[in-house]
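Each chain is listed here by its residues.
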Amino acid sequence: MQEIIKKNMLSIEKSVTGRRGVRFEKALSKAEDLLPADCLRKSRPHLPEMSELDTVRHFTNLSRQNYCLDSHFYPLGSCTMKYNPKAYDVLSNLEGFSLAHPFAPLAGVQGTLELLYNLQELLKEITGLSAFTLQPAAGAHGELTGILTAKSYFKSRGEHQRTEVIVPDTAHGTNPATSNMAGYTVINIKSGPDGCVDKEALQKVLSDKTAVVMLTVPNTVGLFEKDICQIAEMVHAAGALLYMDGANFNALMGVAKPASFGVDMMHLNLHKSFAAPHGGGGPGSGPVGVVAHLAQFLPKPMVEKQGERFVLNTQMPDSLGKMKAFYGNISVCIRAYCFLRQYDGKTLHQVAEQAVLNANYVRVLLKDYFPAFFDAPCMHECVLTLQKEKMNGIRTADIAKRLLDYGFYAPTIYFPLIVPEAMMIEPTETENKEMLDLFVEAMKTIFQEIVSNPQVVHEAPLLQPVKRIDEVSAAREPNLRW
Ligand SMILES: *Cc1c(COP(=O)(O)O)cnc(C)c1O
C-alpha cells in the first residue's frame, strides 16, 4: 500500500503536460508590436507545465502537512489564534468595499466611511476613550503611533526634558522596541513576586523626565495589573502619560473600560482580539485610542461626521502626520465591525469571560503536571513552567515538538523571558470543553512519557513530515540558500 501511495505521489510530481497556451501566443504577438526586435525572444521559454488537477493535488497535500486553525487547536499564547467566522470574510469582500479606489471621491465611498466612523464610535464605547485612529497596520505600529502622539503632546507643551519611557519586565517585547524607535530612553523595572508591577520600583524611576509608562494589560504572564488605578495616579502625579498595550483586549472587552482606570492611550489588535485571521504576516490593524486632550495629535486624516455626511478631516494642524497610506487596513476594520455588531453591548462580556474561563480551566487541570509560574487566577492565557526535578532532562522545546505528534499546534515557548522554561497557553474563547480536555489529556500523557520514556519526547516530532531539526548545526553552519 505504501508503495502505491509513493508511486502516486511521484506521478503527480513528474507530470508535465506539453500543452501550449493560446493566450501566450496572443500576448506575444502584442508584445512584438511594442518592443524593439532585439529585445524579443526567439523561442518560447521553457516553463514547467502541469495540469490544474495535479497542481491542486500538490498544493492540497502540502497544505495538509501544515497546522492551521481550520484543522487544529492553536494555543499560541499572546497571539489569540481564535476562530473567526467565514461570514465576516464574505462581508469584507463585498465589491463596494473591496473594489473602491483609494482616491475615489468621498461621495462615492460614503458607506465605507460610515462603517469606519461607526467602528471608531464602537471602539470608543468599549474602551471609554475619546478618539480613535484606525490607521496603524499592526499592534507594534499602534504602539509607535501612540508614543509619537505622546511625543507631539509633550512638544506642544514645551516639556522637552521628558525623554524616558518606563517599561516593566512583563511587557510585550514590542513595548521597549517601540519606545527606543521613537527616540526615547527605555527604563526597565522588575516586577514584584506576584508578577505585577512593583509600585516602589516604579516610584523610584518616575520623574519629570518620564514621558510615558507603558503597561501591557493583561501583562505577559497572563495577569491583570491589580493596582492599575494607583499606578495611573502615580504616573499622572509625575506629569507623565499612561499607555496601555491592549493587544489582548479579549481578556477585558465588555467587562472593563481602560479609560476608567486612568489609561490615557492604548492600542487594540483588531486582528487578534476582534475578528481577522492572522499569522503568516497577513494584514493587521492596531487602532489607537486616546483621551480627549490628546485627540488633536493623532494621525490625519480622521474620519468624521458632518451633518449626514462622512468626511476625512485633513485640517489637523497639531497632528503627528500620517502613519499609513490611506486610512488603514480597511478589510480588517470591516471584520472587527461585524464582530462588534454581532456581540452587542449586552453580550460582548461573554467573549472575555469565556476566554478567561478557558485559560483557567487548562491551568487548573495541569497544575500537578506543569504548574503555573505565578500561582494565581490568570486572564486569557496561562503561563506554565516545568517541575525541573521530574523532567529527566526534557525541556519546554521538546514538549512543544511532542504536542505536534498529538495533533496540537505548540504553545508560545520561552516567552515571557522572566519565566524559566515558559509555556504560554492561550485557548481563546472559541474552543469548547471537549477540545480543551483533549489538549489536557495530551499534556498529561506527555508528562507520563517524560517520566517513563523521555527519549520519545526528546526525539519528537516522530509523526510529522519534517523531523527534529539539528538546531545547533543550523546555527553554526547556516545554509541560507536552497
Ligand atoms: C501581539 C502583540 C503585540 C504586537 O502586535 P503585532 O500586531 O504583532 O505588531 C504587542 N503587544 C502584545 C501584548 C501582543 O500580544
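Notes on the structure follow. (Residues numbered from 1 in each chain as written. Predicted model: local features only at pLDDT ≥ 70, side-chain atom pairs only at ≥ 80, totals over all residues. Heavy atoms only, no water.)

1. Brief notes about the packing of aromatic side chains
Each aromatic ring pair is characterised by the separation of its centres together with the angle its planes make. For the coordinates displayed, the defined rule picks out 16 aromatic pairs. Ring centres 5.3 Å apart and planes at 80° place the aromatic pair Phe73 and Phe439 in the edge-to-face group. Taken as a pair, Phe73 in the loop between α3 (52-64) and α4 (86-92) and Phe439 in helix α14 (residues 433-452) lie far apart in primary sequence, 366 residues in all. Across the pair, exposure class does not vary: Phe73 and Phe439 are buried alike. Taken together, the ring pairs in this structure connect Tyr67, Tyr74 and Tyr409 into an aromatic cluster. Of note, Lys151 hangs over the ring of Tyr184, and the distance from its end group to the ring centre comes to 5.3 Å. (Phe/Tyr/Trp six-rings, centres within 6.5 Å; stacked < 30°, edge-to-face > 60°. Helix = DSSP H or I, 4+ residues; strand = E, 2+ residues; numbered from the N terminus. Buried < 20%, exposed > 50% of the residue type's maximum accessible area, 1.4 Å probe, protein only. Lys NZ or Arg CZ within 6 Å of the ring centre and 35° of its normal.)

2. Some thoughts on the site of the ligand
Around the ligand there are 14 residues in total, and Ser78, Gly139, Asp245, His271 and Lys272 lie nearest to it. Note that a nitrogen atom of the ligand is positioned 3.4 Å from one of the side-chain N or O atoms of His172. A distance of 2.5 Å is found between a nitrogen atom of the ligand and a side-chain nitrogen or oxygen belonging to Asp245. Within the complex, the protein chains bury 84% of what would otherwise be the 380 Å² of accessible surface of the ligand. Tallying contributions element by element places helix α7 (residues 139-156) first for the shell around the ligand, with three residues. Partitioned by chemical class, the residues of the shell around the ligand number three nonpolar, eight polar and three charged. (Near = heavy atom within 4 Å. Polar contact = N/O pair within 3.5 Å; in protein donor to acceptor, adjacent residues only side chain to side chain. Areas by Shrake-Rupley, 256 points an atom, 1.4 Å probe, with all protein chains shown as cover. Nonpolar A, V, L, I, M, F, W, Y, C, P; charged D, E, K, R; others polar.)

3. Overview of the environment of Thr216
Within the secondary structure, Thr216 is located in strand β4 (residues 210-216). As for Thr216 and His172, which are separated by 44 residues in sequence, their C-alpha atoms are 6.4 Å apart. Apart from the residues lying within four places of it in its own chain, the contact partners of Thr216 are Thr170, Ala171, His172, Asn175 and Asp245. Among the polar contacts made by the side chain of Thr216, one reaches the main-chain amide nitrogen of His172 at a distance of 3.0 Å. Here Asn175 takes part through its side chain, which lies 2.8 Å from a polar atom of the side chain of Thr216. (Contact = heavy atoms within 4.5 Å.)

4. Some details on the sheet that holds strand β1 (residues 131-133)
Judged by pairing direction, the sheet is mixed, and its seven strands sit side by side in the order β1-β7-β6-β5-β4-β2-β3 without closing on themselves. On the outer flanks of this sheet lie β1 and β3 (185-189), each paired with one strand and no other. The average undirected angle you get between the axes of adjacent strands in this sheet is 20°. Both strand β2 (residues 164-168) and β4 contribute to a ladder of three bridges, which runs parallel. (Pairing = 2+ DSSP bridges. Axes fitted to C-alpha atoms, helices over the stretch in contact; angles between N-to-C directions.)

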